[in-house]
Every structure is written in C-alpha cells, then in structure tokens.
Amino acid sequence: MFTKKDFADLGQNIVYLKPVSIDDLPDEVREQAGGLETLFAVHNTKGEQVALVASEGIATHLAAEHDMQLVTLQ
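Residues numbered from 1 in each chain as written. Predicted model: local features only at pLDDT ≥ 70, side-chain atom pairs only at ≥ 80, totals over all residues. Heavy atoms only, no water.

A.B. asks: I tried to follow the side chain of His-43 on my own but got confused; where do I start?
C.D. replies: Inspection of the secondary structure assignment puts His-43 in strand β2 (residues 38–44). We classify His-43 as buried; its relative accessible area is 9%. Here Gly-47 takes part through its backbone oxygen, which lies 3.1 Å from a polar atom of the side chain of His-43. Within the structure, the side chain of His-43 is placed 3.5 Å from the backbone nitrogen of Gln-49, a separation counted as a polar contact. When residues no more than four places from it in sequence are discounted, the contact partners of His-43 are Ile-14, Val-15, Tyr-16, Lys-18, Glu-48, Gln-49 and Val-50. (Helix = DSSP H or I, 4+ residues; strand = E, 2+ residues; numbered from the N terminus. Buried < 20%, exposed > 50% of the residue type's maximum accessible area, 1.4 Å probe, protein only. Polar contact = N/O pair within 3.5 Å; in protein donor to acceptor, adjacent residues only side chain to side chain. Contact = heavy atoms within 4.5 Å.)

This is the structure in structure tokens:
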C-alpha cells in the first residue's frame, strides 16, 4: 500500500481509488447512479480525479486498458 506522498516517486502511470458516498455528489450524478450508495473516484498521482465509476472492478479494467496500475492507499 502507498501513501499519497509516495506517488511523487512512482511516475505517471499510477492511479488510486477513493470511495465516495453518493450523498456527497451533485444531484445530476446521483440521478445517474442507479441506486448505488457508493461510487469510486479514480485519481492520478497529482490527486486529480480522472474518473468516477460504479465498482473497483470497473476501475481495474479501465486502468489496465490505459496501461495504468491501480494501487491501494493507506
């Protein structure tokens, strides 16, 4: 597992997930969530959100499709 600080040395092809409660999202996103209670924000090494997905499996698939490695934060 990595801390956010560790990302500075890892390069550009790393992304991490952050669970997001549906209650913390704008109304238009909630409407599209299909009854899910949690979505997963995918962030790059700069901390920028690059995607919002329904599951960890989808995030893993998207990362692999884009030659990126999905890592877990502490």
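A.B. asks: It is not clear to me how the sheet that holds strand β4 (residues 69–71) should be interpreted in this structure. Could you clarify?
C.D. replies: Strand pairs in the sheet, formed through backbone hydrogen bonds, run parallel or antiparallel to each other. Judged by pairing direction, the sheet is mixed, and its four strands sit side by side in the order β3-β2-β1-β4 without closing on themselves. One side of each edge strand has no neighbouring strand; the edge strands of this open sheet are β3 (49–53) and β4. Averaged over all neighbouring strand pairs, the angle between strand axes comes to 35°, with direction disregarded. Bridge count between β2 and β3: four bridges; the pairing is antiparallel. For His-43, the partnering residue across the bridge sits in β3 and is Gln-49. (Pairing = 2+ DSSP bridges. Axes fitted to C-alpha atoms, helices over the stretch in contact; angles between N-to-C directions.)

A.B. asks: Just to check I follow, could you spell out the nonpolar core for this structure?
C.D. replies: Note that soluble globular proteins tend to have their nonpolar side chains buried in a common cluster. The biggest cluster of nonpolar side chains holds seven residues, and these are Val-15, Leu-17, Phe-40, Val-42, Val-53, Ala-59 and Ala-63. Of all the secondary-structure elements, those providing two or more residues to this core are β1 (14–21), β2 and α2 (56–65). Setting aside anything within four residues of it in sequence, one finds Val-53 in contact with Leu-39, Phe-40, Val-42, Ile-58, Ala-59 and Leu-62. In terms of nonpolar packing, the next biggest core, distinct from the first, is built from six residues, Val-20, Ile-22, Leu-25 and Ala-41 among them. (Core = buried A, V, L, I, M, F, W, Y, C linked by side-chain atoms within 4.5 Å.)

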